[in-house]
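These are the residues of each chain, in order.
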Amino acid sequence: DKMLGHVLDVSVEPSLVIANCFGQVFPSSVGRQTDYAAWDTILAKLQDLSNYFALDIHFPYMIGCGLAGGDWNVMSEKIERQFGKSQTRAFIHKL
C-alpha cells in the first residue's frame, strides 16, 4: 500500500511516456478495490507529468472499473474534473 496514489512514469521515446498508476492496493474482483482518493492524487500527478513532457493523456475506457469494482460514472467524472478545463488534452479509448 506504500505505492497507492503514486505514478511510475517510463519514457519509451520522446513522444511516448507510459504512466503506471497505482490506484488499488490488492488485485481482487471482490468488492471495490479502486481507491477513489488515490485516483484524485494520480490524476493531479498525470496532469503535472503531461505538462512536463508536453504530451496528451490517454486512458482506457473503464479504467479502475471492471475487476477493480470502480464505478465508471465516478471515474469519468474525476477525469473530466481534472482535465476538462485544463490545457492538457485527455482521451478515453474504448476498444
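As shown above, the structure is provided for reference.
Below you will find a few notes about this structure. Residue indices begin from 1 for each chain and proceed along its sequence in written order. Local features in this predicted model are restricted to residues of pLDDT 70 or higher, and side-chain atom pairs are both shown and tallied only at a pLDDT of 80 or more, whereas totals for entire chains, interfaces and linings draw on every residue. Side-chain metrics rest on all non-hydrogen atoms present in the structure, leaving aside hydrogens and water.

Structural notes on the nonpolar core
Applied cut-off: What we call a nonpolar core is a set of buried Ala, Val, Leu, Ile, Met, Phe, Trp, Tyr and Cys residues that are connected through their side-chain atoms within 4.5 Å. Burial classes: relative accessible area under 20% of the type maximum marks a residue as buried, over 50% as exposed, and values in between as partly exposed (1.4 Å probe, protein chains only). A run of H or I in DSSP becomes a helix once it reaches four residues, and a run of E becomes a strand once it reaches two; helices and strands are each numbered from the N terminus.
If you look at the biggest cluster of nonpolar residues, it comprises 17 residues, and the most contacted ones within it are Leu43, Leu46, Phe59, Ile63, Met75, Ile79 and Phe83. Listing elements by their share of this core, those giving two or more residues are helix 1 (36-53), strand 3 (57-60) and helix 2 (72-83). Sort the elements by how many residues they give to this core and helix 1 lands first, with six residues.

Looking at a nonpolar patch on the surface
The cut-off we apply is this: Distance thresholds for patches are 9 Å for like charges and 5 Å for nonpolar side chains (Val, Leu, Ile, Met, Phe, Trp, Tyr), applied to residues having over 30% relative accessible area and no salt bridge. Accessible surface is estimated by sampling points in the Shrake-Rupley manner with a 1.4 Å probe; for residues, cover comes only from the protein chains shown. The rule for a salt bridge is simple: a side-chain nitrogen of Lys or Arg has to be within 4 Å of a carboxyl oxygen of Asp or Glu.
The grouping of Leu8, Val10, Val12, Leu16 and Ile18 at the surface amounts to a nonpolar patch, some 390 Å² of accessible area in total. Elements that contribute at least two residues to the nonpolar patch include exactly strand 1 (7-13) and strand 2 (16-21). A total of three residues in the nonpolar patch trace back to one element, the largest contributor, which is strand 1. Its location among the elements puts Val10 in strand 1. Among the residues examined, Val10 registers a relative accessible area of 40% and is labelled partly exposed.

Details of the side chain of Lys78
Counted only if it meets this: Any two residues whose heavy atoms approach within 4.5 Å are treated as being in contact.
With respect to the helices, strands and loops of the structure, Lys78 is situated in helix 2. By relative accessible area, which is 9% here, Lys78 ends up buried. If we ignore the near neighbours within four places in the chain, the residues touching Lys78 are Tyr36, Trp39, Asp40 and Leu43.

Focus: the environment of Ile18
Note on placement: Ile18 falls in strand 2. In sequence terms Ile18 and Val7 are eleven residues apart; their C-alpha atoms lie 9.7 Å from each other. Among residues more than four places away in sequence, those in contact with Ile18 are Leu8, Asp9, Val10 and Val12.

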